[in-house]
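One letter stands for each residue in the lines below.
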Amino acid sequence: MSADIGVTGLAVMGANLARNLARNGYTVSLHNRSVERTDALLEAHGSEGEFVRTESLVQLVESLERPRRVLIMVKAGAPVDAVIDDLLPLLDEGDIVIDAGNSFFEETRRREERLREKGLHFVGVGVSGGEEGALNGPSIMPGGSEESYRTLGPMLEKIAADYHGEPCCTWVGTDGAGHYVKMVHNGIEYADMQVIGEAHDLMRSLAGLEPAAQGEVFREWNTTDLASYLIEITAEVLEHEDERTGRPLVDVIVDSAGQKGTGRWTAISALEVGSPVTAIAESVFARSISSQRELRAETNRVFSDGVDSTAADEEFGPEFVEDVRKALYASKLVAYAQGMDMLVAAGEEFGWDLDLKEIASLWRAGCIIRADLLDTIMKAFDGESSRLPKNLLLAEEFTEALNECLPAWRRVVAAAAEHGVPAPVFSSSLAYYDSLRRDRLPAALTQGLRDYFGAHTYQRTDVEGTFHTLWSGDRGEVEA
Ligand SMILES: NC(=O)c1ccc[n+]([C@@H]2O[C@H](COP(=O)([O-])OP(=O)(O)OC[C@H]3O[C@@H](n4cnc5c(N)ncnc54)[C@H](OP(=O)(O)O)[C@@H]3O)[C@@H](O)[C@H]2O)c1
């Protein structure tokens, strides 16, 4: 039998993608480095569709129709290169190698170039939605050549999440574009979770709302313009009682979160392409601080917590909770605006013609940041490119909402600072908004200082050219 596609790497993600493909009518050849996983998958789910069992990459490649499609779903990093090295001598011109793991986009660019030189297509595909999404419909962000998408696209679209009849999958751009878009998705996810955490902390510490009561608040918020998967599951996690202690589960979970993956990559890449993703970077740093548990314990001993969580009074009643909702919405919007802004900057840097409307459409179902807001973001980026807003915050769909949220946003950030509750993403998002709208920024003084100590020169607001002041001379100005 010749199979439509081969999957190598059958841990949880590969196995679920293979099952998803088979359930959608494709014949799927299966391979895993250790054959036990292949057999376990066939034993548990072999009746779900047409599968071909193989024990080696040679057998896998032989079982495929041409052009061959081999989907690699092994551990990210060196294992992907090891599998590619083994596959290369077995493949022919025009065959398509797909990496649907969480690879770093620069590695995808390198691999794509290497395979292109050999006449092969290499497609880096961002997949979001975890195990559940891989099985039932993930959000899929494919890169690689447009030509390869003609063959591969229909299969990916068939297994992708469905949003009111539209697949959450479309070709996003050449070489590493798919993995880049997935990386930025995850950066936004970091910020989205952090602002939810800040809202939770403020409502607990200042308004005295216990987790179960907050569950109700988040459930209610999920019927507003905040409606999203993360808000929905926040209600469930906050309401969950720990089986062992009877306490809210959130109170017995260690308050330390890692940041080794895509969130950190997003912040690093943003610095490289010169895009100020302050909300995303702050959310990565917030996780870093949370991980410094010894330092936090010592600082707590020296300075004390400082927040009197029994101080709930009228100041922090229902109106404050509504203020927090608005601050959360505005900060979340900033995170999306920054992510989109970064995609534009990366597109210029790497030669991708990224369509922000299409990208927003991919995130409407199947992925972690799925949210009603994305429909509005699509509308904001719909139309001729010359007429699109320079930043999401400038889209007419959002300006009114931002104006409405602003007083509440300021009150919440001020209350957090006054009472010592850390709200780094609420604050930095507000500072981003204020910086963008400010007529003049203190960068003028920065330039003056740089010219003083390093003769770095400056430009003037009134005359064209580059200038330097003779700081250690007569302090006259010369043209540089
Ligand atoms: N788990 C998730 O929710 C999730 C979500 C999105 C994306 N991803 C990404 O999807 C990819 C797969 O994730 P996963 O959790 O299913 O698996 P994983 O734990 O990342 O990797 C295990 C798989 O890689 C294979 N492997 C490891 N080293 C290998 C090598 N040198 N040569 C050949 N095969 C090798 C293993 O084979 P053996 O069985 O022989 O050891 C096994 O099939 C990763 O890039 C991951 O980051 C995961």
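Not measured: the values here are computed from a predicted model.

## Brief notes about the packing of aromatic side chains
So, point 1. Evaluated as defined, the whole model comprises twelve aromatic pairs.
So, point 2. With a centroid separation of 4.9 Å and an interplanar angle of 65°, the aromatic rings of Phe104 and Phe105 are classed as edge-to-face.
So, point 3. By relative accessible area, Phe105 is classed as buried at 1%.
So, point 4. An aromatic cluster is built from Phe104, Phe105, Tyr180, Trp265, Phe350 and Trp352, whose rings are joined through pairwise contacts.
So, point 5. Above the ring of Tyr190, the side-chain terminus of Arg287 is found at 3.6 Å from the ring centroid.
So, point 6. The ring of Tyr229 has Arg370 sitting right over it, with the charged end atom 3.9 Å from the ring centre.

## Quick look at helix 13 (residues 278-291)
So, point 1. With 14 residues, helix 13 ought to run about 20 Å at 1.5 Å a step, and its terminal C-alpha atoms sit 20 Å apart, in line with that.
So, point 2. Buried within helix 13 we find Ala279, Ile280, Ala281, Ser283, Val284, Ala286, Arg287 and Ser290.
So, point 3. Buried residues in helix 13 make contact with helix 8 (177-205), helix 12 (262-273), helix 14 (293-303), helix 15 (318-350) and helix 19 (424-437).

## Details of the domain arrangement of the chain
So, point 1. By the assigned domains, the chain splits into domain 1 (5-175), domain 2 (182-437) and domain 3 (443-479).
So, point 2. One C-alpha centre belongs to domain 1, the other to domain 2; they are set 33 Å apart.
So, point 3. Opposite the 25 residues of domain 1 that make contact, domain 2 presents 21 residues.
So, point 4. Note on domain 1 versus domain 2: buried area summed over both sides is about 1900 Å², and carbon and sulfur give 63% of it.
So, point 5. Of all residues in domain 1, Phe105, Met141 and Tyr163 bury the most surface against domain 2, accounting for 28% of the area lost on that side.
So, point 6. The partner of Glu166 in a salt bridge is Arg364, and the shortest N-O contact between them spans 3.0 Å.
So, point 7. In this assembly, domain 1 and domain 2 are joined by eight residue pairs in polar contact (both at pLDDT 80 or more).
So, point 8. Taken together, the elements giving at least two residues each to the side of domain 1 that touches domain 2 come down to helix 5 (105-116), strand 6 (121-128), strand 7 (139-142) and strand 8 (162-163).
So, point 9. Taken together, the residues of the side of domain 1 that touches domain 2 sort by class into eleven nonpolar, nine polar and five charged.

## Let's talk about the environment of Ser361
So, point 1. In this structure, Ser361 sits in helix 16 (residues 356-362).
So, point 2. Sequence spacing of Ser361 and Arg69 is 292 residues, and the spatial spacing of their C-alpha atoms is 26 Å.
So, point 3. Apart from the residues lying within four places of it in its own chain, the contact partners of Ser361 are Cys168 and Met378.
So, point 4. At a separation of 2.6 Å, a polar atom in the side chain of Ser361 contacts the main-chain carbonyl oxygen of Glu358.

## A few points about the sheet that holds strand 2 (residues 28-31)
So, point 1. Taken in spatial order, the seven strands line up as 3-2-1-4-5-6-7 in an open sheet, and their pairing is mixed. Of all strands in the sheet, those with a lone pairing partner are strand 3 (51-53) and strand 7, marking the two edges. The mean inter-strand angle of the sheet, taken between neighbouring strand axes irrespective of direction, is 25°.
So, point 2. Taken together, the four bridges between strand 1 (residues 5-8) and strand 2 define a ladder with parallel strand orientation. Paired with Thr8 across the strands is His31, a residue of strand 2.

## Focus on the layout of surface pockets
So, point 1. There is about 2000 Å³ of room inside the largest pocket.
So, point 2. The wall of the largest pocket is formed by 42 residues, among which Gly197, His200, Asp201, Asp255 and Arg296 lie closest to the centre.
So, point 3. Contributions of two or more residues to the lining of the largest pocket are made by helix 8, helix 10 (229-239), helix 11 (249-252), helix 13 and helix 14.
So, point 4. Element by element, the count of residues in the lining of the largest pocket is highest for helix 8, at ten residues.
So, point 5. Class assignment of the residues belonging to the lining of the largest pocket gives a composition of 20 nonpolar, 13 polar and nine charged.
So, point 6. When its volume is computed, the second largest pocket comes out at roughly 470 Å³.
So, point 7. Around the second largest pocket, the lining is made up of 22 residues, and of these Val344, Leu354, Leu356, Ser385 and Leu388 lie nearest the centre.

Conventions adopted
- Residues numbered from 1 in each chain as written.
- Predicted model: local features only at pLDDT ≥ 70, side-chain atom pairs only at ≥ 80, totals over all residues.
- Heavy atoms only, no water.
- Phe/Tyr/Trp six-rings, centres within 6.5 Å; stacked < 30°, edge-to-face > 60°.
- Buried < 20%, exposed > 50% of the residue type's maximum accessible area, 1.4 Å probe, protein only.
- Lys NZ or Arg CZ within 6 Å of the ring centre and 35° of its normal.
- Helix = DSSP H or I, 4+ residues; strand = E, 2+ residues; numbered from the N terminus.
- Expected span 1.5 Å × (residues − 1).
- Contact = heavy atoms within 4.5 Å.
- Domains from an automatic or database assignment.
- Buried area = accessible area lost by both parts, 1.4 Å probe.
- Salt bridge = Lys/Arg side-chain N within 4 Å of Asp/Glu carboxyl O.
- Polar contact = N/O pair within 3.5 Å; in protein donor to acceptor, adjacent residues only side chain to side chain.
- Nonpolar A, V, L, I, M, F, W, Y, C, P; charged D, E, K, R; others polar.
- Pairing = 2+ DSSP bridges.
- Axes fitted to C-alpha atoms, helices over the stretch in contact; angles between N-to-C directions.
- 1 Å grid on protein atoms, 1.4 Å probe; cavity = no way out; pocket = protein on both sides within 12 Å on 5 of 7 lines; lining within 4 Å.
- Points joined across faces, edges and corners; volume = space filled by probe spheres on them.

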